[in-house]
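# Chain and residue survey
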Amino acid sequence: MSQPRLSALLSTALAGLLLASALIAAAGLGDTPRQMHFDARLTPPNLDFWFGTDALGRDVAARTLAGLTLSFWVGSLAALFGTLIALGMALTAMLGPRWDALVSLVIDTLLSVPHLLLLLMIAFALGGGTHAVIIAVALSHWPSLARVLRAELLHLRQAPYVQISQALGKSRGFIVRHHWIPQVLPHCLVGALLLFPHAVLHEAALSFLGVGLSAEQPAIGVLLGESMRHVSGGDWWLGVFPGAGLLLMVLCIQRLGETLRRAWAAR
Amino acid sequence: MLDDVSLTLDAGEWLGLDGVSGAGKSTLGHLLAGHLTPQAGTVTVDGAPLPRRGLRPVQWLPQSPELAVNPRWRVKQILEEAWTPPDALRDAFGIEPAWMNRFPQALSGGELQRVCVLRALAPGVRYLVADEISSMLDPLTQLALWQGLRRVADERQLGVLVISHDAALLNRLCSRRLTLSDGRLRPPKRYGAPPATAPGQSPASR
């Protein structure tokens, strides 16, 4: 096996292992992220508390793991919904020139608004919380993927084999299911994987700004927000571990996604 | 590009069409097969307008078979998209059972072209538009392709429009020839080529 392939394989396995162990460890946490130890407040990392404790004596390691799990689900769901909206919109654009013009108008309008602003407005309008973050990220992040999918479908519609399929008497539904969708699925996969880190980082941003997850949920954004109050006191562990954890998870997902994409493209 | 073009293709007739590159031969082929809709005028098949839905009685055969097949489908799925050709026909076109489980990328251009031609011969198809289907094949493969097609066309009285630059090929295959130039159909210029065979007479009996 060549060296680039070996290192790709190893890094993918490592990424999968890290992600899986974080999710499994978080599942066994129970109430630990909320448990307070008043005799051990703001302690630096030690053997009992590997990542230290916060101002209320809560274990930062447990809170980071719980936060990462929450981020993982928020990111996955937002990426899934965003991709589905993009695919739906791209297919809608194929219904006719008027539909195409309408979809293109919506895409261009949404892309012209800075997406953090859009995200804030939607999350605020929905009143905050986990579902608001998921919906806001999905609703604000589909346009760029929809544009790619629309271009691909426009090209595919003119492909000789699609025209022949039509001439052979295949229905529109058959052509969409058997010729169009399999061809755009890899694009959807890549789109979803690029959306995931966005969703995770935006969830953290929204929670940090106060319109995301509520303060009692151990989300990464909430942890980072709390750490801001203590950073001037030198309590570095409150921010560094959750932040590094978030970065590591995003990198792992990207690694897995890249491998998946290559495996698919090789066919 | 095309202006006031009118042509009639009879059942069982082989009609040759040539013209310089960009003259609109392929556009005419796409119009006849219903891939394009004419801005004015109609395509009529056996007295009725070309249907938009269902199996069309006019089928277009492509120049590049690689673009005419879904790259994610296996050969079996491609060949049997509209009908299941009987074994005798598969043999006539030299299509091997071993190809069925392969992806189209694993077949040569000539092999894939024969699959594409047989795919289009579903029952109910009355006319074929063969757009440069043999120009990239070696002489032996060309022969196998045209012999297979000739057999089915004679059997079912299919009308075939052969589009090609190859005057010798058109003369051998077709009972009548037309040239497309400046958007109009004209009788072909003769470069001392032998006259086409009489209508209804196949080149094989010549």
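Above this text is the structure in question.
About the cut-offs
- Residues numbered from 1 in each chain as written.
- Chains lettered and ligands numbered in written order.
- Predicted model: local features only at pLDDT ≥ 70, side-chain atom pairs only at ≥ 80, totals over all residues.
- Heavy atoms only, no water.
- Helix = DSSP H or I, 4+ residues; strand = E, 2+ residues; numbered from the N terminus.
- Buried < 20%, exposed > 50% of the residue type's maximum accessible area, 1.4 Å probe, protein only.
- Contact = heavy atoms within 4.5 Å.
- Areas by Shrake-Rupley, 256 points an atom, 1.4 Å probe, with all protein chains shown as cover.
- Lys, Arg positive; Asp, Glu negative; His and termini not counted.
- Charge placed at Lys NZ, Arg CZ, Asp CG, Glu CD.
- Rg over C-alpha atoms; globule rule 2.2 N^0.38 Å.
- Expected span 1.5 Å × (residues − 1).
- Polar contact = N/O pair within 3.5 Å; in protein donor to acceptor, adjacent residues only side chain to side chain.
- Pairing = 2+ DSSP bridges.
- Axes fitted to C-alpha atoms, helices over the stretch in contact; angles between N-to-C directions.
- Patch = residues over 30% accessible without salt bridge, like charges linked within 9 Å, V, L, I, M, F, W, Y side chains within 5 Å.
- Salt bridge = Lys/Arg side-chain N within 4 Å of Asp/Glu carboxyl O.
- Core = buried A, V, L, I, M, F, W, Y, C linked by side-chain atoms within 4.5 Å.
- Buried area = accessible area lost by both parts, 1.4 Å probe.
- Nonpolar A, V, L, I, M, F, W, Y, C, P; charged D, E, K, R; others polar.
- Phe/Tyr/Trp six-rings, centres within 6.5 Å; stacked < 30°, edge-to-face > 60°.

## Some remarks on the overall build of chain A
The secondary structure content of chain A amounts to 10 helices and 0 strands. In chain A, the succession of helices and strands from N to C terminus is α-α-α-α-α-α-α-α-α-α. Structurally, chain A occupies a C-alpha span of about 80 × 50 × 30 Å along its principal axes. For chain A, buried positions account for 43% of its 267 residues. Of the contacts made within chain A by residues no fewer than 6 positions apart, 69% connect residues no fewer than 24 positions apart. Split by element, the accessible area of chain A, about 13600 Å² in all, is 70% carbon and sulfur. Each charge class in chain A was averaged separately, 17 positive and 13 negative side chains, and the resulting centres sit 19 Å apart.

## Remarks on the overall build of chain B
The helix and strand inventory of chain B stands at 6 helices and 8 strands. Its helices and strands in sequence order give chain B the pattern β-α-β-β-β-α-α-α-β-α-β-α-β-β, from N to C terminus. Taking 206 residues into account, the globule formula puts the C-alpha radius of gyration at 17 Å, and chain B, at 17 Å, falls close to it. Along the first, second and third principal axes, the C-alpha set of chain B runs to 45 × 40 × 30 Å. A burial count over chain B gives 50% of its 206 residues as buried.

## Overview of helix α2 (residues 60-93) of chain A
In this model, α2(A) (34 residues) spans 48 Å end to end at C-alpha, consistent with the 50 Å of a helix rising 1.5 Å per residue. At the N-terminal boundary of α2(A), the capping side chain belongs to Asp59(A), with an oxygen 3.1 Å from the backbone nitrogen of Ala61(A).

## Things to note about the sheet that holds strand β4 (residues 58-61) of chain B
Residues and elements named next belong to chain B. Reading across from one edge, β4-β5-β6-β1-β7-β8 is the order of the 6 strands in this open sheet, with mixed pairing throughout. Two strands close off the open sheet at either side, each with one partner strand: β4 and β8 (184-186). Ignoring strand direction, the axes of neighbouring strands in this sheet form an average angle of 25°. Judged from the 5 bridges that link them, strand β5 (residues 127-131) and strand β6 (residues 159-163) form a sheet pairing that is parallel.

## Regarding unusual backbone geometry
Residue and element names in this part refer to chain B. The backbone of Glu-132 shows a phi angle near 55°, a positive value even though the residue is not glycine. Among the structural elements, Glu-132 can be located in the loop between β5 and α5 (139-156). On the basis of relative accessible area, Glu-132 is assigned to the buried category, the value being 10%. Look at Gln-157: it is not a glycine, yet its phi comes out positive at around 55°. Residue Gln-157 is classed as partly exposed on the basis of its relative accessible area, which comes to 42%.

## Remarks on the pairing of strand β1 (residues 14-18) of chain B
Residues and elements named next belong to chain B. Across the 5 residues that make up β1, a large majority, 5, are buried. The alternating pattern of β1 places Trp-14, Gly-16 and Asp-18 and Leu-15 and Leu-17 on opposite faces, both of which are buried. Of the pairings in the sheet, the one linking β1 to strand β7 (residues 176-181) comprises 4 bridges and is parallel in character. Opposite Gly-16, over in β7, you have Arg-177 as the bridge partner.

## Quick look at a nonpolar patch on the surface
Taken together, the side chains of Leu77(A), Leu80(A), Phe81(A) and Leu84(A) define a hydrophobic patch exposed on the protein surface, amounting to about 350 Å² of accessible area. When you line up the elements, Leu84(A) lands in helix α2.

## Some points on the pattern of salt bridges
On inspection of all chains with the given rule, the structure shows 9 salt bridges over all chains. Among the salt bridges present, the one from Asp108(A) reaches Arg147(A), with a minimum N-O distance of 2.5 Å. Placement of Asp108(A) in helix α3 (residues 97-112) and of Arg147(A) in helix α6 (residues 143-157) is noted, with a sequence separation of 39 residues between them. Accessibility expressed as a relative area gives 41% for Arg147(A), which makes it partly exposed. Salt-bridge contacts for Asp46(B) lead to Arg126(B); the nearest nitrogen and oxygen are separated by 3.2 Å. On the criterion of sequence distance, the pair formed by Asp46(B) in the loop between β2 (44-45) and β3 (48-49) and Arg126(B) in the loop between α4 (109-119) and β5 is long-range, its members being 80 residues apart. Several salt bridges share partner residues, and in doing so they unite Arg58(A), Arg63(A) and Glu226(A) into one network.

## Here's the deal with the nonpolar core
Core analysis: the biggest nonpolar cluster contains 61 residues, and Trp14(B), Leu121(B), Trp146(B) and Leu149(B) have the highest contact counts within it. Discounting residues that sit within four places of it in the chain, Trp146(B) has contacts with Trp14(B), Ala130(B), Ile133(B), Ser134(B), Val162(B), Leu169(B) and Leu173(B). Core analysis: the next-biggest nonpolar cluster, separate from the first, contains 31 residues, Ala15(A), Leu68(A), Ile122(A) and Ala136(A) among them.

## Description of the interface of chain A and chain B
On the side of chain B, 20 residues touch chain A, which itself brings 18 residues to the contact. Here chain A packs against chain B, burying approximately 1800 Å² in sum over the two surfaces, 54% of which is carbon and sulfur. The interface formed by chain A and chain B includes 0 salt bridges. Counting across the interface, chain A meets chain B through 10 residue pairs in polar contact (both at pLDDT 80 or more). Elements supplying a minimum of two residues to the side of chain A that touches chain B: α7 (160-167) and α8 (172-209) of chain A. Its residues assigned to classes, the side of chain A that touches chain B shows 9 nonpolar, 7 polar and 2 charged.

## A look at the packing of aromatic side chains
Going through the model one piece at a time under the given rule, you end up with 7 aromatic pairs over all chains. Ring centres 5.2 Å apart and planes at 80° place the aromatic pair Phe72(A) and Trp73(A) in the edge-to-face group. When the centroid spacing of 6.2 Å and the interplanar angle of 85° are considered together, the rings of Phe174(A) and Trp73(B) count as edge-to-face. On the criterion of chain membership, the pair formed by Phe174(A) in helix α8 and Trp73(B) in the loop between β4 and α2 (75-79) is interchain, its members lying in two chains. In this structure, Phe174(A) and Trp73(B) share a single accessibility class: buried.

From the geometry alone we can't say anything about function, so treat these as descriptive.
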